[in-house]
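# Structural overview
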Amino acid sequence: MHKNLVITFTRNPELGKVKTRLAKTIGNISALAIYKKLLEHTENVLQQIDCDKAVYYSVKIRENDLWNPDIYQKHQQVGDHLGIRMSNAFKTGFDAGYTKIVIVGSDLYDLKPEHINNAFDALDNNDAVIGPAIDGGYYLLGMKQLHPAVFENKSWGTETVFEDTMKDLVKENVFLLEPLNDVDTYEDMSNNQTLKALIEHDKANK
């Protein structure tokens, strides 16, 4: 067992249930194709990290899917909202004996292995590390111990999450990674030809 754990949260990739804001512009079929591509990218990045890995499913654990059970611990998300679910995931990891835990989103085509490696390195000399998202949230959060306040009293999915989280950690040493763009709307992917090609492919096969 490694002492470092990286966690990602995923939604089960089902038509009409993922990337709903994006689907309003490009339709459910294309939105699902893009989310599957984002999951594949995330899995590829995580495979390159030398640490233990866990994937937390939104609805139910899938056995025969993208996430190899020989590589990834598989868990069910538990809690009424995102904050509680993340808090429970961190607590599970710390209770298991991990000393550094990083959680990362599964909808970032700009995510690279060095973002996660830099986060673990930053925790050597900092209490927490955050990767801000351009939309005002964050795409990565890392800690060496549970800070419950960061998971409470947030308007999840809004532009205030990063700012409010920093307020909760005002007494801690926090390392900031470079801001990245997560994909929630068509504008978020408008310059990404790989993702846009999936829309064109979808149109061609209707």
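Residues numbered from 1 in each chain as written. Predicted model: local features only at pLDDT ≥ 70, side-chain atom pairs only at ≥ 80, totals over all residues. Heavy atoms only, no water.

Across the 7 residues of strand 1 (residues 4-10), 6 count as buried, placing the element largely inside the fold. In this sheet, strand 4 (residues 100-104) lies alongside strand 1 in parallel orientation, the contact comprising 5 bridges. Note on strand 4: the bridge partner recorded for Ile-7 is Ile-103. Looking at chain direction, strand 1 and strand 2 (residues 52-57) are connected through 6 bridges and run parallel. Bridge pairing links Phe-9 to Tyr-56 in strand 2. (Buried < 20%, exposed > 50% of the residue type's maximum accessible area, 1.4 Å probe, protein only. Helix = DSSP H or I, 4+ residues; strand = E, 2+ residues; numbered from the N terminus. Pairing = 2+ DSSP bridges.)

Moving on, we come to the packing of aromatic side chains. One pass over the structure, following the stated rule, counts 4 aromatic pairs. A centroid spacing of 5.5 Å and a plane angle of 35° characterise the contact between Phe-9 and Tyr-56, whose relative ring orientation is tilted. With Phe-9 in strand 1 and Tyr-56 in strand 2, this pair connects stretches of sequence that are 47 residues apart. What links up through ring pairs into an aromatic cluster is the set Phe-90, Phe-94 and Phe-151. (Phe/Tyr/Trp six-rings, centres within 6.5 Å; stacked < 30°, edge-to-face > 60°.)

Further remarks concern the pattern of salt bridges. Considering all chains together, one arrives at 10 salt bridges under this definition. Here Lys-100 makes a salt bridge to Asp-124, at a shortest N to O gap of 2.4 Å. Placement of the pair is Lys-100 in strand 4 and Asp-124 in the loop between helix 4 (113-122) and strand 5 (128-132), with a sequence separation of 24 residues. Overall, the relative accessible area of 48% leaves Asp-124 in the partly exposed class. We note a salt bridge from Lys-167 to Glu-163, for which the minimum N-O separation is 3.8 Å. Here Lys-167 pairs with Glu-163, and both are found in helix 5 (residues 161-168), just 4 residues apart, close to one helical turn. Among the residues examined, Lys-167 registers a relative accessible area of 52% and is labelled exposed. What you see here is one network of salt bridges that share partners, running through Glu-14, Lys-17 and Arg-62. (Salt bridge = Lys/Arg side-chain N within 4 Å of Asp/Glu carboxyl O.)

Listed as buried for helix 4 are Pro-113, His-115, Ile-116, Ala-119, Phe-120 and Ala-122. Close packing links the buried residues of helix 4 with strand 1, helix 2 (28-47), strand 4, strand 5, strand 6 (138-143) and strand 7 (174-176). (Contact = heavy atoms within 4.5 Å.)

A few words on helix 3 (residues 82-95). Here helix 3 spans 20 Å end to end across 14 residues, near enough to the 20 Å set by a 1.5 Å rise per residue. For helix 3, the set of buried residues is Gly-83, Met-86, Ser-87, Ala-89, Phe-90, Gly-93 and Phe-94. Down the axis of helix 3, the buried set is contained in an arc of 160°. They therefore lie on one face. Here the buried face of helix 3 lies against strand 1, strand 2, strand 4 and strand 6. In the stretch just after helix 3, Gly-97 is the one whose phi turns positive, near 110°. (Expected span 1.5 Å × (residues − 1). Arc of directions from axis to C-beta.)

This part is about the nonpolar core. Counting 27 residues, the largest nonpolar core has Val-6, Leu-111, Ile-116 and Leu-140 as its most contacted members. Sort the elements by how many residues they give to this core and helix 2 lands first, with 5 residues. Judged by nonpolar contacts, the second largest core, of 21 residues, contains Ile-7, Tyr-98, Ala-128 and Val-150. (Core = buried A, V, L, I, M, F, W, Y, C linked by side-chain atoms within 4.5 Å.)

Structural measurements only, silent on function.
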